[in-house]
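Here's the letter readout for the chains.
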Amino acid sequence: MKVTFGCLVVSAGVCGLLSFVLLATSLGTEYWYIIDMNHVNTSDLEDMSSHSGLWSINEGGMTQADSIDSFTADNSRYSETELHMLYMHRAIVVLLPLSLVLLLFGGICGLVSSLARSPMLLAGTASYFFICSLLTLCGVSLYIFYSHQALEETVRQVGLEGLAYIHTSFGWSLGLAWLSYGLELLAGVLLLMAARMAKLQHSSPTMA
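Conventions used here
Numbering of residues starts from 1 in each chain and follows the order in which that chain's sequence is written. A pLDDT threshold of at least 70 governs which residues receive local features in this predicted model, and a stricter bar of 80 or more applies before side-chain atom pairs are shown or counted, although totals over entire chains, interfaces and linings include all residues. Derived side-chain values reflect all non-hydrogen atoms in the structure, with water molecules and hydrogen atoms excluded from consideration. Only DSSP runs of H or I reaching four residues or more are called helices, and only runs of E reaching two or more are called strands; each is numbered from the N terminus. Contacts were defined at the residue level, with two residues in contact if any of their heavy atoms lie within 4.5 Å. Two strands are counted as paired when DSSP detects at least two bridges linking them. A residue counts toward a patch only above 30% relative accessible area and without a salt bridge, and it is joined to like-charged neighbours within 9 Å or, for Val, Leu, Ile, Met, Phe, Trp and Tyr, to nonpolar neighbours within 5 Å. Note on areas: Shrake-Rupley, 1.4 Å probe, and residue coverage restricted to the protein chains presented here. Salt bridge criterion: a side-chain nitrogen from Lys or Arg within 4 Å of a carboxyl oxygen from Asp or Glu. Here, expected helix span is obtained from the residue count minus one, scaled by 1.5 Å. A simple rule labels every residue: compare its accessible area, found with a 1.4 Å probe on the protein chains alone, to the largest value its type can have, and call it buried under 20%, exposed over 50%, or partly exposed in between. Note that a disulfide, as used here, is simply two cysteine sulfur atoms within 2.5 Å. Only C-alpha atoms enter the line fits that serve as axes; for helices the fit covers just the stretch in contact. Angles between N-to-C directions range over 0 to 180 degrees. Comment on the angle field: the value is read as roughly parallel under 35 degrees, roughly antiparallel over 145, roughly perpendicular from 65 to 115, and oblique elsewhere. For any helix crossing, the convention is left-handed if the near helix is rotated counterclockwise from the far helix by under a right angle, and right-handed if that rotation is clockwise. Residues grouped as a nonpolar core are buried Ala, Val, Leu, Ile, Met, Phe, Trp, Tyr and Cys residues, joined through side-chain atoms within 4.5 Å. Confidence of the predictor at the level of single residues is given by pLDDT, which spans 0 to 100.

Undergrad: Any chance you could break down the overall build of the protein chain for me, citing the residues and the numbers?
TA: Scanning the protein chain for helices and strands turns up 5 helices and 5 strands. When the helices and strands of the protein chain are read in sequence order from the N terminus, they spell out α-β-α-β-β-β-α-α-β-α. By sequence separation, contacts in the protein chain at least 24 residues apart represent 70% of the contacts at least 6 residues apart.

Next comes the structure, spelled out in structure tokens:
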């Protein structure tokens, strides 16, 4: 089966659109990190279960919208380790939304370059998507490192015994961000293939 230029650019467009939707959904939901309390016949402990997003934490069914605000926090109240984590959180909430905004403009560039059938524009848009994927990768990887650091700091403060009934895990919001990263890469690859095909067609007008 012969792959056509139209098939490549449409597939790249679908991947780009899905990556945008997945990343937007990921950023807007509160299931990046999940804390579950084991049932120990104590209702107070059960209420401590929570799930969090990048900007808020949901504890006991109640969302605390301003519970994670690293930009307005008073730095003097935190230790050196906590400040390091605060700076990481700031980087995360900048990198991922920036990637989302760039994806929007990338979709517009992809549409224009596809209609123009310009190899240079298509290759440039592909590079643009690779940059978006790099930002997403950095943001997600930094969040994973940030979460591990937060857990280590909690263990240091309360000890392993204090966390005996706690189970932590990453949620599906983080999974959506990973999927978005993969689709951004795929969109870039497809656009590079389309750029190569457009270049061949320009050099050989008789080719279909």
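Undergrad: A description of the pairing of strand 1 (residues 33–37) should follow, citing residues and the corresponding values.
TA: By the bridge criterion, 3 bridges tie strand 1 to strand 2 (residues 50–52) in an arrangement that is antiparallel. In the strand pairing of strand 2, Ile34 is matched with His51. Bridge count between strand 1 and strand 5 (residues 166–170): 5 bridges; the pairing is antiparallel. Counted as the bridge partner of Tyr33 is Phe170 from strand 5.

Undergrad: Can you lay out a nonpolar patch on the surface for me, pointing to particular residues and giving the numbers?
TA: A surface patch of nonpolar side chains, amounting to about 540 Å² of accessible area, comprises Val101, Leu104, Phe105, Ile108, Val112 and Leu121. The leading source of residues in the nonpolar patch is helix 3 (residues 80–116), at 5 residues. Mapped onto the elements of the fold, Leu121 is located in helix 4 (residues 119–162).

Undergrad: So, helix 1 (residues 5–28): which residues are in play, and what are the values?
TA: Helix length check: helix 1 (24 residues) gives 35 Å between terminal C-alpha atoms against 34 Å at 1.5 Å per residue, within 8%. Inspection of helix 1 places Phe5, Leu8, Val9, Ala12, Cys15, Gly16, Ser19, Leu22, Leu23, Ser26 and Leu27 among the buried residues, and these make up the whole buried set.

Undergrad: Quick one: what's the story with the state of the cysteines, residue by residue and with numbers?
TA: Applying the stated criterion across every chain, the model contains 0 disulfides. Of all cysteine sulfurs, the one in Cys132 lies closest to Cys109, which takes part in no disulfide; the gap is 9.5 Å. Residue Cys109 is classed as partly exposed on the basis of its relative accessible area of 35%.

Undergrad: Explain the packing of helix 1 against helix 5 (residues 172–203) to me, using residue names and the numbers behind them.
TA: Two numbers describe how helix 1 lies on helix 5: the axes approach to 8 Å, and their chain directions differ by 160 degrees. As summarised for this structure, helix 1 and helix 5 are arranged roughly antiparallel, according to the angle between their axes. Viewed along their axes, helix 1 and helix 5 form a crossing whose handedness is left-handed.

Undergrad: I'd love a proper account of the nonpolar core, names of residues and values included.
TA: By size, the foremost hydrophobic cluster in this structure holds 35 residues, and its most contacted members are Leu27, Trp32, Leu54, Leu96, Leu122 and Tyr143. Where this core is concerned, the elements lending two or more residues are helix 1, helix 3, helix 4 and helix 5. If one sorts the elements of this core by residue count, helix 5 sits on top with 10 residues. In this structure, Tyr143 is in contact with Trp32, Tyr33, Ser52, Leu54, Ile92, Phe170 and Leu174, ignoring residues within four places of it in sequence.

Undergrad: Go over the confidence of the model for the protein chain, please, and point to the residues and values.
TA: Overall, the predicted model of the protein chain reaches an average pLDDT of 83, with 80% of residues at or above 70. When the elements of the protein chain are averaged for pLDDT, helix 2 (residues 43–46) gives the smallest value, 50, and helix 1 the largest, 94.

Undergrad: Please set out the environment of Leu135 residue by residue, giving values where relevant.
TA: Its location among the elements puts Leu135 in helix 4. Residues Leu135 and Leu95 lie 40 residues apart in sequence; the distance between their C-alpha atoms is 5.8 Å. Setting aside residues up to four positions removed in sequence, Leu135 forms contacts with Leu95, Leu96, Leu98, Ser99 and Leu102.

Undergrad: Which residues make up unusual backbone geometry, and what values do they have?
TA: Phi is positive for Arg117, close to 55 degrees, though the residue is something other than glycine. Among the structural elements, Arg117 can be located in the loop between helix 3 and helix 4.

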